[in-house]
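Fold and geometry: a report
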Amino acid sequence: VLCRMFPAADIPVVQLSLIVRAGGGNDPAGRFGTASLTAAMLDEGAGTRSSLEIADLVDFLGATLTTASSFDASFVRLNVPVQRLDEALPLFADVALRPTFPEKELERLRQERLTALLQARDDAASVAGMVFARVVFGADHRYGTGLAGNETSLKTISAGDVRAFHASYYQPPNATLLVVGDTTA
């Protein structure tokens, strides 16, 4: 992991951003949405904590924890008051390195995404964006499908697929950690 420090002593907050150089563009054929689902699953269970325990700890620390994915990269971000950084680092490490990918949470996220796809069909701007990408890139090209995948691909992505994506791409040589705030190395 390449780590870059940007000290800023005037604000008592630290932001950690883990940037993984893999996103939707790395989705396996026929499994479009794997990167997005993998990122979304990171905080749904990690280490020995459940999703509710993670959320409770984040709240207790006065922190915010987000996970996301684009076509080119995936992210884990933690904003935490500097006095709680030592307590927050193990949580950040678990979410980035030791997600458990619980089947129950995967099913819940899958259903949310399938519902969102159905709702998007009633939104002209969403339909236009999806059709434009499909026309420009083609239905079989990764950029011709939405980042979250489509109905067919979402139904085929398994917990094994997200585990494999994580194991392949969430690796130190493929990641950069940015640390900004009132801290030093």
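Presented here is a report on the structure given in the accompanying data block. (Residues numbered from 1 in each chain as written. Predicted model: local features only at pLDDT ≥ 70, side-chain atom pairs only at ≥ 80, totals over all residues. Heavy atoms only, no water.)

**Re helix α4 (residues 103–120)**
Which entries qualify depends on this criterion: Counting from the N terminus, the helices are the DSSP runs of H or I reaching at least four residues and the strands are the DSSP runs of E reaching at least two. The span one expects for a helix is its residue count, reduced by one, times 1.5 Å. Under the scheme applied here, a residue whose accessible area is under 20% of the maximum for its type counts as buried, over 50% as exposed, and between as partly exposed, the area being computed with a 1.4 Å probe on protein chains only. The contact criterion used throughout is that any non-hydrogen atoms of two residues lie within 4.5 Å.
Here α4 contains 18 residues, and its C-alpha end-to-end distance of 26 Å stays within 8% of the 26 Å for a straight helix at 1.5 Å per residue. For α4, every residue scored as buried is listed here: Glu-105, Leu-106, Leu-109, Arg-110, Arg-113, Leu-114, Leu-117 and Ala-120. Looking at the buried positions of α4, the neighbouring elements they touch are α1 (34–41), α2 (51–61), α5 (124–137), α6 (151–156) and α7 (159–169).

**Overview of the nonpolar core**
Put simply, the rule is: Put simply, buried Ala, Val, Leu, Ile, Met, Phe, Trp, Tyr and Cys residues joined by side-chain atoms within 4.5 Å make one nonpolar core.
Counting 40 residues, the largest nonpolar core has Leu-16, Leu-18, Val-76, Leu-78 and Val-95 as the members making the most contacts within it. Of all elements in the fold, only β2 (13–20), α1, α2, β6 (74–81), α3 (85–97), α4, α7 and β7 (175–181) reach the threshold of two or more residues within this core. Tallying contributions element by element places α3 first for this core, with six residues. Apart from residues no more than four positions distant in its own chain, Leu-16 is found in contact with Val-76, Arg-77, Leu-78, Leu-85, Leu-89, Phe-92, Leu-177, Leu-178 and Val-179.

**Things to note about the pairing of strand β5 (residues 64–69)**
Just so we agree on the cut-off: The criterion for strand pairing is that DSSP finds at least two bridges linking the strands in question.
Residues Leu-65, Thr-67 and Ser-69 of β5 are buried on one face, while the alternating residues Thr-64, Thr-66 and Ala-68, pointing to the opposite face, are not. Bridge count for β5 against β6 is six bridges, and the pairing is antiparallel. Counterpart to Ala-68 in the pairing with β6 is Phe-75. As consecutive antiparallel partners, β5 and β6 are separated by four residues.

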